[in-house]
Structures are given as structure tokens and as C-alpha cells.
Amino acid sequence: MLFSSATPTVNRQAAQDIMGYKVVSQFKKYIGLPTMVDWSKKPIFGFLRDRLHKRVLGWKEKFLPKAGREVLIKSIAQSIPTYIMSCFALPVSFCNEMQSIITKLWWSGTDDKRKISCVSWLNGGRVLASCGVLFLKEEAKWDLGKLQIAFSPNDVDHILQIPISFRLPPDKLFWVPNKNSVYSVKSGYFQVRNLVDRDRASSLGGSTLRSFWRQIWRCNIQPKVKPFLWHIGHDSLPCNVNLSKRMPMMPKSCPRCRLEEASDLHALKDCEEVRGLWLISPLGLWVEGANNLNLVDWINSMFTSLKTEDLQMFVLSMWTIWNHRNNIVFENSRLPPPLLFSNIRAMSAAIAWRNSLQRKRSVASAVIRNSEGRVIKSGVRVLQGVTDVELVEAMAVEFGLKLAVDVCCSELIVESDSLGVINKIHNLHSAIDHTQLIIEDCLAILLSYPTRFQHIRKLCNNVAHALAKWSMLVGRNCSFNGEVPFPVNDLIVIFS
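This structure is a prediction, so every number in the text was calculated from the model and none was measured.

### Re the environment of I425
- When you line up the elements, I425 lands in helix α19 (residues 419–426).
- The exposure class of I425 is buried, given its relative accessible area of 10%.
- Considered as a pair, I425 and E440 are 15 residues apart in the sequence and their alpha carbons are 8.3 Å apart.

### What about the pattern of salt bridges?
- All chains considered together, the criterion is met by nine salt bridges.
- Between E372 and R374 there is a salt bridge whose closest N-O contact spans 3.6 Å.
- Taking the shortest distance from any N to any O, the salt bridge between E390 and K424 comes out at 2.8 Å. Here E390 is found in helix α18 (residues 389–406), whereas its partner K424 is found in helix α19, with 34 residues between them in sequence.
- Assessed through its relative accessible area of 26%, E390 is described here as partly exposed.
- Under the relative-accessibility criterion, K424 is labelled buried at 12%.
- Because the salt bridges share partners, they merge into one network encompassing R256, E273 and R334.

### Topic: the pairing of strand β5 (residues 361–369)
- Most of β5 sits inside the fold, with seven of its nine residues counted as buried.
- When β5 meets strand β6 (residues 375–384), the two strands line up antiparallel, connected through nine bridges. Bridge assignment links S365 to a residue of β6, and that residue is V380.
- The turn joining β5 and β6, which pair antiparallel and follow one another in sequence, is formed by five residues; a positive phi near 90 degrees is taken by G373.

### Description of the nonpolar core
- Among the nonpolar cores identified, the biggest contains 44 residues, and I232, W298, F314 and M318 are the most heavily contacted of them.
- Considering every element that reaches this core, the biggest residue donor is helix α15 (residues 308–331), with nine residues.

### Description of the sheet that holds β5
- If you trace the three strands from one edge of the open sheet to the other, you get β5-β6-β9, paired in antiparallel fashion. Edge positions in the open sheet fall to β5 and β9 (478–481), since each of these has one partner strand only. Across the sheet, the mean angle from the axis of one strand to that of its neighbour is 5 degrees, orientation sign disregarded.
- Contacting β5 and β6, α18 crosses the sheet at an angle of about 40 degrees to β5.

Reading guide: rules and limits
- Throughout, a residue's number is its position along its own chain's written sequence, starting from 1.
- Given that the model is predicted, a residue must reach a pLDDT of at least 70 before its local features are reported, and side-chain atom pairs must reach 80 or more before they are shown or counted; all residues, however, enter totals for whole chains, interfaces and linings.
- The side-chain quantities take in all heavy atoms of the structure and omit both hydrogens and water.
- Starting at the N terminus, helices and strands are each numbered in turn, a helix being any DSSP run of H or I of at least four residues and a strand any DSSP run of E of at least two.
- A simple rule labels every residue: compare its accessible area, found with a 1.4 Å probe on the protein chains alone, to the largest value its type can have, and call it buried under 20%, exposed over 50%, or partly exposed in between.
- Salt bridges are identified by distance alone: a Lys or Arg side-chain nitrogen within 4 Å of an Asp or Glu carboxyl oxygen.
- Each pair of strands is called paired provided DSSP finds at least two bridges between the two strands.
- Buried residues of nine kinds, namely Ala, Val, Leu, Ile, Met, Phe, Trp, Tyr and Cys, make up a nonpolar core once their side-chain atoms join them within 4.5 Å.
- Between the N-to-C directions of two axes lies an angle of 0 to 180 degrees, each axis being a line fitted to C-alpha atoms and, for a helix, fitted only over the stretch in contact.
- In what follows, a contact means two residues having at least one pair of non-hydrogen atoms within 4.5 Å.

Spelled out as C-alpha cells, the structure:
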């Protein structure tokens with residue numbers, strides 16, 4: 001039991017004798033919440049800030065990329081104060097301190113090093129002029145002249161939609177964004193975002209910005225690329241022109257051509273060197289003839305003109321060109337142009353592989369070599385509805401055996417990186433499942449062929465895995481005599 005300081009000692013003892021409870025001077029916490037909150041809340045809820053700070057300190061040593069920081073902030077950091085904030089109204093200054101910890105983590109990877117925040121949490125505010133009464137009492141309508149003096153045209157349009165009663169009753173609070181006039185956090189969030197983005201939308205054109213974000217979030221790319229696009233949408237890409245706004249001594253010239261100011265549009269499109277990079281990119285784009293006012297406008301036009309299957313390649317190429325610029329600035333290194341885009345096809349194949357698993361589709365691939373190690377046949381087979389890993393590996397062995405039989409081999413050595421499949425082949429009656437059925441089919445194919453099965457490491461099977469990922473871009477069964485398609489053929493030389 002807990003008594004106030006004004007309760008006499010006699011009364012405390014009597015209550016304790018009757019109830020049989022232990023008397024304490026104070027409860028610090030109950031189910032994680034402070035039991036008593038006075039007018040000074042910051043010291044009481046300081047443990048919340050300390051918990052967030054301690055968690056962030058544990059992340060800073062891991063050198064997380066922005067995609068990883070985004071996941072940690074959304075899933076962990078922002079969830080720490082959720083329960084307590086649902087029970088208590090925390091001071092605004094305390095919330096700002098916690099927001100500062102999260103902001104520093106987002107921009108610099110830690111909360112004890114200050115780096116440039118390219119986008120403010122809330123972009124600016126408004127100062128309204130005082131113009132007295134803004135409506136005409138006798139006519140029960142707004143005074144349009146005073147509204148136009150005090151507010152922007154967009155605000156005037158919204159204010160004119162508010163009716164004025166001829167009875168002039170006392171003012172009431174209404175929440176228009178919800179049809180039931182009841183405030184919700186969701187409707188409040190979207191209303192604030194609309195206000196914050198209004199100036200930005202007016203400068204780019206509201207439809208242009210909305211179209212940009214709609215296309216960006218629909219684009220199927222790796223999470224590590226999306227923060228790059230987010231910076232572009234907020235006009236905060238750290239090109240030299242944007243950096244010079246924060247650091248006046250920063251030179252504005254382009255680090256590539258040294259001729260013009262390095263705006264985001266120049267860095268990713270208008271620079272003479274960048275135009276050459278776009279020509280040798282996987283899309284082979286000619287960007288010199290496109291006249292655009294800003295980068296968002298150009299990206300929107302490319303989203304409109306390119307085919308759906310080329311959008312992913314366009315975004316990855318743009319991201320590669322930006323990383324190339326960063327390597328020039330910070331490491332003073334330049335990759336040869338032919339090698340600059342070599343990783344894009346691999347990234348596209350990885351995305352296609354991930355999407356195929358989501359669509360419940362797998363691929364079996366096989367590479368047939370002769371005794372000299374030369375590839376004499378290879379192929380891929382799309383497996384619709386098959387997602388069990390071991391079953392796919394067994395079906396890949398079966399597919400490879402059928403390819404080998406077609407080339408009339410006298411003796412076969414079958415290699416697989418699935419230890420489970422190899423063990424089941426050596427111990428035929430050890431299991432009864434779908435995989436065992438495919439293994440029995442494999443053995444039936446090999447009745448007239450001397451065959452040896454052996455397990456290999458996954459690294460030694462890289463060619464077959466790369467061929468399977470390549471097939472995700474094609475989406476159909478394929479077979480090749482004496483060769484494998486580009487760029488998988490490069491691995492034949494490396495791993496032979």
C-alpha cells in the first residue's frame with residue numbers, strides 16, 4: 001500500500017493491520033510504467049530515452065547501410081516509446097530529444113556524431129498576419145479581400161469551403177478529413193504530410209511529384225537503392241550544389257567534367273561524361289536530347305517512355321552512376337567504363353530469383369562437362385509451384401541426368417551441393433517422401449549407365465546457380481549445346 005504524506009501514521013498502521021498489505025514509500029514502476037507522475041515528467045521518463053540511446057549505441061558499431069538503418073528505426077526504435085505514449089502525454093521537448101537520437105542514427109549511423117541532415121523533419125512553417133475579423137457578420141460570409149491578404153490562394157480556397165452560420169454560434173472544433181468527424185492518428189498523419197509537402201509539390205508540380213513517388217515505390221529494386229531515390233524525391237541528393245547550401249566554401253563544380261555546377265540533374269544526366277556512360281549502359285540510352293527542368297521531371301519522363309521490364313535496369317544504372325561519382329570524389333578511383341555496369345545484370349537476376357519464390361516458382365539447372373572440363377550441354381527447367389529446397393535439388397539432378405543421357409555418355413559423375421539428396425541416393429530406403437520419389441526416377445534413368453554420385457561445396461556449383469538466376473530473366477525452359485549464355489559464360493573460365 002502507498003499513502004500520501006498527509007496520512008497520519010496511526011491511520012496507516014490501522015489500514016495495514018486490516019488489509020495485511022506491505023506499506024511502501026513509493027512505487028517506481030508497475031508493468032513498466034511509472035505509478036506516480038508529477039508536473040516534471042522528463043526525469044520520470046528519462047529511462048525511456050536511456051533505453052533508446054543504449055539500443056542505438058549497440059547498432060553504431062555495425063556500420064549499417066541506410067536500408068538496414070531504416071528497418072531498425074521502423075521496427076525497433078520507433079516501437080520503444082509506443083506503449084508508454086499510449087498511456088501518458090510526454091513533454092514535447094522530451095519527444096524532440098528522442099527524435100534527435102533517431103535522426104542522428106538515420107543520417108550518420110550513430111547518435112554521437114553530427115552530420116548534415118539533408119531534409120528537415122518538418123519542412124518549415126508559416127507565419128500568418130493578423131487581419132482582425134475575417135468574415136462579414138451581416139451577410140454571414142467570408143471577407144474575401146482580407147482572406148487574400150492573410151493567406152495563400154490555396155488556403156483561401158479551403159477556407160471558403162467552411163460555411164458560416166447566420167446565428168454566429170460559439171466556435172467548435174471539427175475534424176474534416178474523417179467523414180465521421182472523429183480524429184484518428186492515421187488521418188492526422190496524412191493531413192500533416194499534405195501540409196508539409198504542399199510547397200514542395202507546388203515547385204515541382206503536384207501531379208509530377210505524386211507520379212514520381214507512385215512509380216518509385218512500385219519499382220521492384222533492392223532496399224539499399226530506395227534511399228537513393230528518396231533523396232532525389234526530396235531534392236536532398238548530396239551533390240555539390242546541394243552541399244554548398246549548407247557549406248558555403250564547398251565548390252559547386254562537377255567532379256567529373258570540372259566545367260559546370262554539379263546539380264543532381266547534371267550529376268546523373270547532363271554531364272558530358274555521364275551521357276557517355278548512359279550510352280554504354282545496359283539500356284544504351286541517348287539522354288542528350290532530353291530537356292528537363294529538374295531530375296524528378298526527367299525520371300518521370302523515363303518511367304513513361306521505357307518498357308516495364310526496363311525500369312528496374314534504368315534505376316540500377318542511375319544508382320551505379322551515382323556510386324561511380326562517389327568513388328571519384330572520395331576514393332579518387334575510376335572503374336573502366338565497360339566494367340562499370342557489370343554488376344547490374346547480377347542484381348536484376350537476384351531480384352528475379354526472389355520474385356520467383358514469391359510467385360511459388362523455382363528453377364532446376366544443370367551443366368554437363370566432358371572429362372576435360374569443357375561444357376558440352378547445359379539447360380534450365382522452370383518448376384511451377386515447387387518451393388521445397390530439397391525437392392528442387394532432386395529435380396535438378398533428374399534434369400541433369402536426362403541432359404547427360406541425350407549426349408550418350410559412357411560413364412557419369414553426378415555432383416550436387418545438396419548433401420540431403422546425395423545421402424538419400426546412397427541410402428535409398430531411408431525416407432519416404434516426395435524427394436524419394438524423384439530419386440527413384442533418377443536411379444531408373446541410370447539402369448544402363450555406370451554412375452557415381454558425390455557431394456560438392458556450393459562454391460564449386462556456381463555456374464549452375466548463376467544459370468538458374470539468369471533463367472529468371474527469361475522465364476522459360478532452355479537448353480544449350482556446347483555453351484552457356486552471357487554473362488554466365490564468364491564463370492566457366494573463372495571456376496574451371
